[in-house]
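Here is how the chains run, residue by residue.
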Amino acid sequence: MKYAVILLDGMADYPLDELGGKTPIEAARTPVFDELAKNAQFGTFVTLPAAFPTSSDVANMSVLGWDLASSYTGRGAIESYGLGVPLDDQTVAFRMNIITTKGDLLEDYSAGHIGEPEAAEIVDFLAKKLGTAEVEIRKGVSYRHILYLHGKGFSPAVDYDKPDSSHGMEWAKILPRGRTPEAEPTAALLRELMMKSRELLANHPVNRARIEKGKNPANMIWPWSGGCKPDMPSFEKMYGKKGSIVSAVDVILGLGLLGKMESLRPEGATGWIDTNYENKARAAVDMLRRNDFVYLHVEAVDECGHLGDLPNKIKAIEDCDSRLAKTFLDEYRKVHKDELRVMLLPDHPVPVKLRKHTRDAVPFMVAGAGVKDDASIDRYTEKGCARGKYQVLGGRQLMDLLFAPAVD
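Computed from a predicted structure; not experimentally measured.

So, the sheet that holds strand E10 (residues 243-246)
On the basis of which strands lie adjacent, the open sheet formed by eight strands has the order E11-E10-E12-E1-E13-E14-E2-E15 and mixed pairing. Two strands lie at the open edges of the sheet, namely strand E11 (262-264) and strand E15 (390-393), each paired on one side alone. For this sheet, the mean angle separating the axes of adjacent strands, direction not counted, is 15°. Inspection of the sheet shows E10 paired to E11 by three bridges, in the parallel sense.

Thoughts on the nonpolar core
Ranked by internal contacts, the top residues of the largest apolar core, which has 51 residues, are Phe293 and Met399. With sequence-adjacent residues up to four places away left out, Met399 is seen in contact with Val5, Val63, Leu64, Gly65, Phe235, Tyr239, Phe293 and Met343. Val301, Cys320, Val352 and Cys385 belong to the second largest nonpolar core, which has 45 residues in total.

Quick notes on the side chain of Asn291
The residue Asn291 is located in the loop between helix H11 (277-290) and strand E12 (293-298) in this model. Accessibility expressed as a relative area gives 8% for Asn291, which makes it buried. Here Met287 takes part through its backbone oxygen, which lies 2.9 Å from a polar atom of the side chain of Asn291. Leave out the neighbours within four places in its chain, and Asn291 touches Lys2, Lys242, Gly243, Ser244 and Glu262.

Re empty space enclosed by the protein
Considering all chains together, one arrives at one cavity of 30 Å³ or more under this definition. Here the largest cavity is characterised by a volume of approximately 90 Å³. If you go around the largest cavity, you meet 15 residues; those closest to its centre are Arg75, Arg95, Tyr143, Asp164 and Glu299. At the level of elements, strand E3 (91-102) and helix H12 (300-307) are the ones that each hand at least two residues to the lining of the largest cavity. Take the lining of the largest cavity: its biggest share by element is three residues, from H12. A breakdown of the residues in the lining of the largest cavity according to their chemical character gives four nonpolar, four polar and seven charged.

Side note on the state of the cysteines
Between two cysteines, a covalent bond joining their sulfur atoms is known as a disulfide. In the structure shown here, the tally under the stated rule is zero disulfides. Of all cysteine sulfurs in the structure, the one in Cys320 sits closest to Cys385, which takes part in no disulfide; the separation is 16 Å.

Quick notes on the packing of helix H6 (residues 116-130) against helix H7 (residues 184-201)
Relative to each other, H6 and H7 sit at 120°, their axes nearing to 11 Å. As far as their axial angle goes, H7 and H6 are oblique. The handedness of the crossing between H6 and H7 comes out as right-handed. Residues Ile122, Phe125, Leu126, Lys129 and Leu130 of H6 touch H7, and the partners they reach there are Leu193, Lys196, Ser197, Leu200 and Leu201.

A look at unusual backbone geometry
One non-glycine residue, Ser142, adopts positive backbone phi at about 55°. If you trace the backbone, Ser142 turns up in the loop between strand E5 (135-141) and strand E6 (144-150). When its relative accessible area of 7% is taken as the criterion, Ser142 is described as buried. Of note in this structure, Lys260 is not a glycine but carries a positive phi near 55°. Looking at the secondary structure, you find Lys260 in the loop between helix H10 (250-258) and E11. Taking the relative accessible area as the measure of exposure, Lys260 reaches 65% and is therefore exposed.

Parameters at a glance
Residues numbered from 1 in each chain as written. Predicted model: local features only at pLDDT ≥ 70, side-chain atom pairs only at ≥ 80, totals over all residues. Heavy atoms only, no water. Pairing = 2+ DSSP bridges. Helix = DSSP H or I, 4+ residues; strand = E, 2+ residues; numbered from the N terminus. Axes fitted to C-alpha atoms, helices over the stretch in contact; angles between N-to-C directions. Core = buried A, V, L, I, M, F, W, Y, C linked by side-chain atoms within 4.5 Å. Buried < 20%, exposed > 50% of the residue type's maximum accessible area, 1.4 Å probe, protein only. Contact = heavy atoms within 4.5 Å. Polar contact = N/O pair within 3.5 Å; in protein donor to acceptor, adjacent residues only side chain to side chain. 1 Å grid on protein atoms, 1.4 Å probe; cavity = no way out; pocket = protein on both sides within 12 Å on 5 of 7 lines; lining within 4 Å. Points joined across faces, edges and corners; volume = space filled by probe spheres on them. Nonpolar A, V, L, I, M, F, W, Y, C, P; charged D, E, K, R; others polar. Disulfide = S-S within 2.5 Å. Parallel < 35°, antiparallel > 145°, perpendicular 65-115°, else oblique. Left-handed = near helix turned anticlockwise from the far one by under 90°.

Dropping the structure here:
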């Protein structure tokens, strides 16, 4: 038996008037998912427990079954491993967005989903201007980067507001702040770096050119979710299965590497709606030549939710069906003789009306070999999954269900 999770980041949503009371999943044309639903069980799963941030690192760790209380560290640390940069015991790593502010307001968490060449120029410039023996900046993908603080005196105990949950807010009122008196110097340094970045980027040539073209400038950094060196058990130790991950984004690749899973960003994987779905699907099929399990993660749906872009959210779901899932299943049947069990779910909702993560339990479907069909549900939707047998699972219950001898 081989196992696959197709994780469509941020897919779940609420009913929308403009869709006649349907959710984006219900409105999307998904014949491949519908075919899987003919031999499937359904349910809901809690990915964002109340004691933890509403962040994708938390959500994906929950799906994969790591114990958050003992294994969770800040997102910056996980993403650093995704970049191939392990941490020492005296470094705190923060995720660092390059964002757009407009006057007093945080306008855009992604600087218009800035492209790679422009992002590289901006980040290289900031690394030279802001870098010291204690401060280091490294480029990630698009707007997603890492800020390192090296030295004994720095603390990850800094409270923050996620930039993708803060559109339209007055940025000066939500700057990083120390959770403890000992952490306040770290927060103060972050605030200083943020203000310096505004000065440095105000008239940067990349931003002047973007403004002339009507695009959002990358005119400020936003560091958040700091973390120290993580300590996580391997996926194989937890489940007795060799695991692998395919993703475009560093936070997911970092989880894979920390979990001793084969991890790959395929050519053309962008984390946006222009991603190469087919390459990701084929990479996942290839991963299953050497592994028992593959985690096939797609970021595009999440990004559309954060932008409040309903048409593209529906399109991204449909592309995941017709290009990602179809390619994966077709190619798998060509090259593998083992039976296959597939799970489909998001890591968290991103309702287009809210443009941020919510803590609602996510809908999941498990289909394929060894799964007894729930004849009362004929399609993967939020409403259908809420009627399924397996409700409000948590912890490692989801992976245990996927790997169970039979699902009925």
